[in-house]
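This is what each chain is made of:
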Amino acid sequence: MGASLRLAVVIFMAYLLNGCASTDLKAVSDYDTSFAFDRVQRLAILPIDRTSAAEKLISDLQVDRVNEALGEELRSRGYEVVDDRAEADVYLAWHLVTREKTDIRAYNAASAYNCWRCGPPVSDVSVRQYVEGTFIVDLIDPARNRSVWRSTIQSTLKSKPDPDDAAKNRAVAAKAVLAPFPPEWSPPQ
């Protein structure tokens, strides 16, 4: 794995564990309309798949903290988080995706005092590289072993998040990604 991918994963974990650039996190979700969400009362959080390179960079402590934030949000909504998968109505799995991006902006720098003809035209270009992170939560139907609900939040990540705000920001991220659950659902006819 390249050094830039390792850096992106570390930065995204810092975002998730310590804070994002914006608290205006909006989730985008999708769900299986044939699944009976009204019957979901107990959820089991699945362990992280350690086969991918990105997940190998996440420490067990970090995983535990994210799991706890998700669990606390679910419990605050009246759901039970269980350890035994056999007791769960659905499984919860989460994933992290990071992507390096570049923002290029061009502007005219010779417009001092709005005098456009006072000198030769000069253009300036601003290039900013940043990491965009996506936090994905899936709910999986144990009977079919298929995702029945997915929610994602996306944010530009801070390069130096404040560690003092870590627990609060994990709670904000968990609340945002789980905001669309349960979906507005009506039983199939």
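Residues numbered from 1 in each chain as written. Predicted model: local features only at pLDDT ≥ 70, side-chain atom pairs only at ≥ 80, totals over all residues. Heavy atoms only, no water.

Per the secondary structure count, the chain includes four helices and six strands. Counting only residues that meet the buried cut, the chain has 39% of its 189 residues in that class. Contacts in the chain between residues at least 24 apart in sequence constitute 77% of all its contacts with a sequence separation of at least 6. About 11,500 Å² of surface is accessible on the chain, with carbon and sulfur atoms providing 49% of the total. (Helix = DSSP H or I, 4+ residues; strand = E, 2+ residues; numbered from the N terminus. Buried < 20%, exposed > 50% of the residue type's maximum accessible area, 1.4 Å probe, protein only. Contact = heavy atoms within 4.5 Å. Areas by Shrake-Rupley, 256 points an atom, 1.4 Å probe, with all protein chains shown as cover.)

Here we come to the packing of helix H3 (residues 60–76) against helix H4 (residues 166–178). For any two helices packed against each other, the geometry is given by the interaxial angle and the distance between the axes. One can describe the packing of H3 onto H4 by two numbers: an axis separation of 9 Å at closest approach and a directional angle of 55°. Classified by the angle their axes make, H3 and H4 are oblique. Taken as a pair, H3 and H4 cross one another with a handedness that is right-handed. Between H3, through Arg65, Val66, Ala69, Leu70, Glu73 and Leu74, and H4, the contact on the second element is made entirely by Arg170, Ala171, Ala174, Lys175, Val177 and Leu178. Taken together, the residues of the contact of H3 with H4 sort by class into eight nonpolar, no polar and four charged. (Axes fitted to C-alpha atoms, helices over the stretch in contact; angles between N-to-C directions. Parallel < 35°, antiparallel > 145°, perpendicular 65-115°, else oblique. Left-handed = near helix turned anticlockwise from the far one by under 90°. Nonpolar A, V, L, I, M, F, W, Y, C, P; charged D, E, K, R; others polar.)

Moving on: the nonpolar core. Ranked by internal contacts, the top residues of the largest apolar core, which has 29 residues, are Leu70, Leu92, Trp94, Phe135, Val137, Leu139 and Leu178. Those elements giving two or more residues to this core turn out to be H3, strand S4 (90–108), strand S5 (123–141), strand S6 (146–156) and H4. Leu46, Ala88, Ala93 and Ile140 belong to the second-largest nonpolar core, a separate cluster that totals seven residues. (Core = buried A, V, L, I, M, F, W, Y, C linked by side-chain atoms within 4.5 Å.)

A side chain of one charge can pair with a side chain of the opposite charge if their charged atoms are brought near each other. Under the criterion given, the structure shown has seven salt bridges. One salt bridge connects aspartate 89 with arginine 42, and the closest N-O pair in it is separated by 3.5 Å. Placement of aspartate 89 in the loop between strand S3 (80–81) and S4 and of arginine 42 in strand S2 (residues 42–45) is noted, with a sequence separation of 47 residues between them. When its relative accessible area of 22% is taken as the criterion, aspartate 89 is described as partly exposed. (Salt bridge = Lys/Arg side-chain N within 4 Å of Asp/Glu carboxyl O.)

With that settled, the discussion passes to a negative patch on the surface. There is a patch of like negative charges on the surface, built from Glu80, Asp83, Asp84 and Glu87. Its location among the elements puts aspartate 83 in the loop between S3 and S4. By relative accessible area, which is 83% here, aspartate 83 ends up exposed. (Patch = residues over 30% accessible without salt bridge, like charges linked within 9 Å, V, L, I, M, F, W, Y side chains within 5 Å. Lys, Arg positive; Asp, Glu negative; His and termini not counted. Charge placed at Lys NZ, Arg CZ, Asp CG, Glu CD.)

Attention now goes to the side chain of aspartate 141. Position of aspartate 141 relative to the elements: it lies in strand S5. Of note is the side chain of aspartate 141, whose polar atom sits 3.0 Å from the backbone nitrogen of alanine 143. A distance of 2.9 Å separates the side chain of aspartate 141 from the side chain of arginine 144, its partner in a polar contact. Residues contacting aspartate 141, with those up to four places away along its chain left out, are Phe35, Arg146 and Val148. (Polar contact = N/O pair within 3.5 Å; in protein donor to acceptor, adjacent residues only side chain to side chain.)

Relative to the assigned elements, alanine 143 resides in the loop between S5 and S6. Here alanine 143 falls in the exposed class, since its relative accessible area comes to 73%. Separated by 54 residues in sequence, alanine 143 and aspartate 89 place their C-alpha atoms 9.2 Å apart.

Inspection of the entire model under this criterion finds six aromatic pairs. Relative to phenylalanine 37, the ring of phenylalanine 35 lies with its centre 4.9 Å away and its plane at 70°, an arrangement referred to as edge-to-face. Phenylalanine 37 carries the same exposure label as phenylalanine 35, and that label is buried. Each ring, one from phenylalanine 37 and one from phenylalanine 181, has its centre 6.3 Å from the other, and the planes form 75°; the classification is edge-to-face. Of this pair, phenylalanine 37 sits in the loop between strand S1 (28–31) and S2 while phenylalanine 181 sits in the segment after H4, and the two are 144 residues apart along the sequence. For phenylalanine 37, a relative accessible area of 3% corresponds to the buried category. Three or more aromatic residues link up through ring pairs in this structure, and these residues are Tyr31, Phe35, Phe37, Tyr79, Trp149 and Phe181. Looking at arginine 85, its charged tip hangs above the ring of tyrosine 91, at a distance of 5.9 Å from the centre. (Phe/Tyr/Trp six-rings, centres within 6.5 Å; stacked < 30°, edge-to-face > 60°. Lys NZ or Arg CZ within 6 Å of the ring centre and 35° of its normal.)

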